[in-house]
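# Commentary on secondary and tertiary structure
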Amino acid sequence: MGTASNDRQIDYVEFNVRDIARSKHFYGSAFGWTFTDYGPEYCEFADGRLKGGFTTIGAVTPSGGPLVILYADDLKETLEQMKAAGGMIAKPPYDFPGGSRFHFTDPDGYELAVWSAR
């Protein structure tokens, strides 16, 4: 049973990855995430607000799941950090009502998005 502070909210996101060290390097370099290792097949990440995990136990299936969307105060700077860390642009920045966003793929092929209200 959840508490009043987290009932019915996204609590955790988990990615099956091929190489935990590579995923830690990418997300740490691109977005500043921190990590806690729980053995060779599992690593928890924290972005400062939400936690999730990287695991090598399951098959990598980058398509077909929900789109994870990150927020950035500076979209252009975040895009450059993501590219420098080894990510690939899936959809270049575009405007939408309320802001701008881009989509990218990580080293395992997962597509995520980053948006900004500015």
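Residues numbered from 1 in each chain as written. Predicted model: local features only at pLDDT ≥ 70, side-chain atom pairs only at ≥ 80, totals over all residues. Heavy atoms only, no water.

### Regarding the side chain of Ser-116
Within the fold, Ser-116 resides in strand S8 (residues 111-116). Of the polar contacts made by the side chain of Ser-116, one reaches the backbone oxygen of Ala-72; its length is 2.9 Å. With residues up to four places along the chain from it excluded, the contact list for Ser-116 reads Tyr-71, Ala-72, Asp-73, Leu-75, Gly-98, Gly-99 and Ser-100. (Helix = DSSP H or I, 4+ residues; strand = E, 2+ residues; numbered from the N terminus. Polar contact = N/O pair within 3.5 Å; in protein donor to acceptor, adjacent residues only side chain to side chain. Contact = heavy atoms within 4.5 Å.)

### Let's talk about the sheet that holds strand S6 (residues 88-96)
Spatially, the four strands line up as an open sheet ordered S5-S8-S7-S6, and their pairing is mixed. Both edges of this open sheet fall to strand S5 (68-71) and S6, since each of them pairs with a single strand only. In this sheet, neighbouring strand axes are inclined to one another by 20° on average, regardless of whether the strands run parallel or antiparallel. (Pairing = 2+ DSSP bridges. Axes fitted to C-alpha atoms, helices over the stretch in contact; angles between N-to-C directions.)

### Section: the sheet that holds strand S1 (residues 12-16)
Across the sheet, which stays open at both edges, the four strands sit in the order S1-S4-S3-S2 with mixed pairing between neighbours. At either margin of the open sheet sits one strand with a lone partner, and together these are S1 and strand S2 (34-37). Across the sheet, the axes of successive neighbouring strands diverge by a mean angle of 25°, strand direction being ignored. Inspection of the sheet shows S1 paired to strand S4 (residues 51-55) by five bridges, in the parallel sense. Residue pairing for S4: Phe-15 is matched across the bridge by Phe-54.

### Considering the pattern of salt bridges
Overall, the coordinates contain five salt bridges when judged by the stated rule. Salt-bridge contacts for Arg-22 lead to Asp-108; the nearest nitrogen and oxygen are separated by 2.6 Å. Of this pair, Arg-22 sits in helix H1 (residues 20-31) while Asp-108 sits in the loop between strand S7 (99-105) and S8, and the two are 86 residues apart along the sequence. Given a relative accessible area of 4%, Asp-108 falls into the buried group. Where Lys-24 meets Asp-37, a salt bridge forms, and the shortest distance between an N and an O atom there is 3.0 Å. Here Lys-24 is found in helix H1, whereas its partner Asp-37 is found in strand S2, with 13 residues between them in sequence. Bridged by salt links that share partners, the residues Arg-18, Arg-22 and Asp-108 form one connected network. (Salt bridge = Lys/Arg side-chain N within 4 Å of Asp/Glu carboxyl O. Buried < 20%, exposed > 50% of the residue type's maximum accessible area, 1.4 Å probe, protein only.)

### A few points about the layout of surface pockets
What the largest pocket holds in volume is close to 860 Å³. For the largest pocket, the lining is made up of 34 residues, of which Trp-33, Val-68, Ile-69, Leu-70 and Leu-112 are closest to its centre. Split by residue class, the lining of the largest pocket holds 20 nonpolar, seven polar and seven charged. (1 Å grid on protein atoms, 1.4 Å probe; cavity = no way out; pocket = protein on both sides within 12 Å on 5 of 7 lines; lining within 4 Å. Points joined across faces, edges and corners; volume = space filled by probe spheres on them. Nonpolar A, V, L, I, M, F, W, Y, C, P; charged D, E, K, R; others polar.)

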